[in-house]
Amino acid sequence: MSTRTRALDAVVFGVDVQSGDVRGDGPSYALSVFDGESVDRDVVSRRKLLRLVADREPAIVATDNMYELAADKDDLVHLLGALPAATKLVQVTGDERPEPLSRVAARHGVDYGKDPMKEAEAAARLAARNVGYEVSAFTDETRVKVARGRSTGKGGWSEDRYTRRIHGAVKRTAREVETALNDAGLDYDRDATEKYGGFSNAIFTVQARVAEIPVSEYRSGDTRIEIEPLRRDGIEFRPLAKRRDAVIVGVDPGTTTGLGLVGLDGRVLDVWSSRTADTAEVVEWIIEHGRPVVVAADVTPIPETVEKIRRSFNAARWIPDADLPVDEKLHRTRDASYDNDHERDALSAALFAHDDHADQIERVIRKVPRELDHETVVARVLRDDLSAEAVIEEMTEEETDEESAEATPSPEPSEEQRRIRDLETQVERLQGYVSDLEADLEAKEAEIEEYEAKLSEARREERREVKTRREVSHLRWKNDSLEAELEEERRRADELETKLERLKDLWKLDHSNFADVDTNDDLVSVKPVEKFSLDALRTAEQEYGIARGDIVYLRDASGAGRRTAEQLVEYEPRLVVRDGGGLSDVADRLLFEHEIPVAPAEDITIQQVDELAVARETDVEEAIDAWERRAEQRRREQNAEMVDAIISEHRADRV
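Residues numbered from 1 in each chain as written. Predicted model: local features only at pLDDT ≥ 70, side-chain atom pairs only at ≥ 80, totals over all residues. Heavy atoms only, no water.

By the naming in an unreviewed UniProt entry, the protein chain is DUF460 domain-containing protein, taken from Halanaeroarchaeum sulfurireducens.

Take a look at the structure:
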């Protein structure tokens, strides 16, 4: 039988379908709210039930069948994700192979009735006693995603700056999240996608549940944070109580001790491993999880540590004829979950031990009468190497002797009397087992006290180390950030220095080259642009800069579109000298609208040496004056056309 921990000191919701079906429209539920003492009952809709769970955040929502709350597996996963972080969904009738609720209630002495409200109350009371399995679809890992809060889209001529701002905001938010995780002492992995100006997103995989994450979901402006637990491949069932059933234990000793527990039915119950646990801690863990009837090893002869553990429980021994090969271990544990080779080796030993005794266990169980505990019979058969008949006869005689000492029972005992007798027998068996455990515990009390003192000191030291690691991690992060900024500044300084040297080379020219031109010291610089395109404009700006009031010389002025013309307008040049073809209509119109003078190259004498170009100030002023005259004439023509159009429209309206 299983030993349960004390009842929960928390609110438990017991739920059963009152009418309808979750796959249909509008099912109603019988709801029993149990707080450990009193029970509140109500009939609620599904919507109200979920709202009550969200408002009150019970410790457990208990049911006899999880699919009474969800139509299918996907719906169940959605329901589990919507529950509060502190609330568990518990199926009190078992895991993948549930029992009838009536049988579970009878086994644990809980009142049961066919009425949905009584079934809901029975589920609540059973869960409060830690009976049942928690239904889980998520791991203990959480995914925190920092991403853009809006699309970069089309930003016109300022698209680069707009994109850089958003990516910079994502990077800053990712650093804030990283700092919060470091301050909380949480382990995580970060995967960031770098883009122009920062990050497009950063994903943190944190080794913690959602309730332990020190940041919250939000969406604001340029960034958003999304938090979600990581899903399992399927649905997992976790027992609420630590089992004390008969088990077969596999042990893999060494620097890291591995343990594997298998039930008498061959099911894998649990695995565990530790680098620091001694034999006493290993025995304590086994006691908390079951009653060993067989202790197994994967090598022969049996290691001394395994033999010591076996003697602690007076259990049967199992070892293979030869050391188990790795490929056989891998094949035998292919359907089980484990974290390392030590857990695998221990679990394989337990599974092979069960395989060796499976037929014997099945034969014994078939022979055990209903009134006897089959686990006790199996344990004595395996441990003492007796036949099932001998053990059954001995146990029956013991019960007969005890009954003969009492008053002669009635020939036909009532159901209640039989129930009392079974419970008394069960209690006596448990009391005997408890006495054995108490004897072992008394011998270890002094050792436990010493370990507790060491544990307290170790915890204090661990807290100091955690604090130190946090500070070191924060300082390292800050140092990395400053080094990155320093590297960026050095790179910019190198670029500026290179640009400065290039400009010096351009201006360090022999003035005698311009002796035939600069007779009156009236030369002005001209910024040549190879082609009227965005790339050519940006190249010229990077090479020697284009500033307000400059004279821009377009060696090929043809083919420019609106965006290119807007870029040139943004520089606000004093004069645009065109060559190599005429301006496009859109470029001509934009330059005219922004009153930027345009002159043909043949109207101005331009002298060039290498990349440097100059022109006479008098030529520039004459070109600007000529453009002003043309512009005035163009405005008058436009005004005349506009007046003619108005007159024509007016005449048309009168007709």
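In this structure, Val 293, Val 294, Val 364, Val 377 and Leu 382 are the most contacted members of the largest nonpolar core, which totals 30 residues. Sort the elements by how many residues they give to this core and helix α9 (residues 341–367) lands first, with eight residues. Grouped together as the second largest cluster of nonpolar side chains are 26 residues, Ala 565, Val 569, Val 586 and Ala 587 included. (Core = buried A, V, L, I, M, F, W, Y, C linked by side-chain atoms within 4.5 Å. Buried < 20%, exposed > 50% of the residue type's maximum accessible area, 1.4 Å probe, protein only. Helix = DSSP H or I, 4+ residues; strand = E, 2+ residues; numbered from the N terminus.)

Next up on the list: the packing of aromatic side chains. The final tally for this structure, using the stated rule, is three aromatic pairs. Centre to centre, the rings of Tyr 188 and Phe 204 are 5.8 Å apart; their planes meet at 65 degrees, and the pair counts as edge-to-face. Placement of Tyr 188 in strand β7 (residues 188–195) and of Phe 204 in strand β8 (residues 198–206) is noted, with a sequence separation of 16 residues between them. Take Phe 204: its relative accessible area is 0%, and that puts it in the buried class. One cation-aromatic arrangement involves Arg 634 over Phe 592; the distance from NZ or CZ to the ring centre is 4.2 Å. (Phe/Tyr/Trp six-rings, centres within 6.5 Å; stacked < 30°, edge-to-face > 60°. Lys NZ or Arg CZ within 6 Å of the ring centre and 35° of its normal.)

Packing of α9 against helix α10 (residues 374–384) brings their axes to within 10 Å, and their N-to-C directions diverge by 135 degrees. Between α9 and α10, the interaxial angle falls into the category oblique. For the pair α9 and α10, the crossing hand works out as right-handed. Within the contact between the two elements, α9 uses His 357, Gln 360, Ile 361, Val 364 and Ile 365 and α10 uses His 374, Val 377, Val 378, Val 381 and Leu 382. Across the contact of α9 with α10, the residue classes break down as seven nonpolar, three polar and no charged. (Axes fitted to C-alpha atoms, helices over the stretch in contact; angles between N-to-C directions. Parallel < 35°, antiparallel > 145°, perpendicular 65-115°, else oblique. Left-handed = near helix turned anticlockwise from the far one by under 90°. Contact = heavy atoms within 4.5 Å. Nonpolar A, V, L, I, M, F, W, Y, C, P; charged D, E, K, R; others polar.)

Our focus in this paragraph is the pattern of salt bridges. A complete count under the given rule lists 38 salt bridges for this structure. Among the ionic pairs, Asp 222 bridges to Arg 165, the shortest N-O distance being 3.3 Å. Of the two residues, Asp 222 is situated in the loop between β9 (218–220) and β10 (223–239) and Arg 165 in helix α5 (residues 159–183); the sequence distance between them amounts to 57 residues. Judged by relative accessible area, Asp 222 falls into the buried class, the value being 15%. Its salt-bridge partner being Glu 488, residue Arg 491 comes within 2.5 Å of it at the nearest N-O pair. One end of the pair is Arg 491 and the other is Glu 488, both in helix α12 (residues 415–507) and three residues apart, which spans about a single turn. With relative accessibility at 35%, the residue Glu 488 sits in the partly exposed group. A cluster of three or more residues bridged by salt bridges with shared partners is formed by Asp 298, Lys 329, Asp 341, Arg 344 and Asp 345. (Salt bridge = Lys/Arg side-chain N within 4 Å of Asp/Glu carboxyl O.)

Bringing the sheet that holds strand β11 (residues 246–252) into the picture now. On the basis of which strands lie adjacent, the open sheet formed by five strands has the order β13-β12-β11-β14-β15 and mixed pairing. Of all the strands in the sheet, just β13 (268–274) and β15 (316–318) have a single pairing partner and so form its edges. When the angles between neighbouring strand axes are averaged without regard to direction, this sheet yields 25 degrees. On top of the sheet, α9 reaches β11, β12 (257–263), β13, β14 (291–296) and β15; it is set at about 35 degrees to β12, its chief contact. (Pairing = 2+ DSSP bridges.)

Turning our eyes to something else, we now look at the pairing of strand β17 (residues 551–554). Across the two faces of β17 the burial is the same, with Ile 551 and Tyr 553 and Val 552 and Leu 554 all buried. As judged from the four bridges shared by strand β16 (residues 523–529) and β17, these two strands associate in the parallel manner. Bridged to Val 526 within β17 is Ile 551. Regarding the hand of the β-α-β motif, the stretch spanning β16, helix α13 (residues 534–544) and β17 is right-handed. (Right-handed = clockwise from strand over helix to strand, strands pointing away.)

Another aspect to go through is helix α4 (residues 116–128). Its 13 residues place the ends of α4 18 Å apart at the C-alpha level, agreeing with the 18 Å of an ideal helix rising 1.5 Å per residue. Within α4, burial applies to Pro 116, Met 117, Glu 119, Ala 120, Glu 121, Ala 122, Ala 123, Ala 124, Leu 126, Ala 127 and Ala 128. Those residues of α4 that are buried lie in contact with β1 (12–19), β2 (28–34), β3 (39–45), β4 (60–63) and α3 (101–107). Here α4 starts with a cap whose side-chain oxygen sits 3.0 Å from the backbone nitrogen of Met 117, and that cap is Asp 115. Where α4 ends, the next residue or the one after it, Asn 130, has phi of about 65 degrees, a positive value. (Expected span 1.5 Å × (residues − 1). Polar contact = N/O pair within 3.5 Å; in protein donor to acceptor, adjacent residues only side chain to side chain.)

Two strands pair when backbone bridges link them, and strand β5 (residues 88–91) and strand β6 (residues 133–148) are joined in this way by three bridges, in the antiparallel orientation. From the neighbouring strand, Leu 89 faces β6, where its bridge partner is Val 135. Pairing of β6 with β10, which is carried by 12 bridges, proceeds in the antiparallel orientation. Its bridge partner being in β10, Val 135 is matched across the sheet by Phe 237. One ladder, built from six bridges, connects β6 with β8; its direction is antiparallel. Following the sheet pairing, Lys 145 is matched in β8 by Ile 203.

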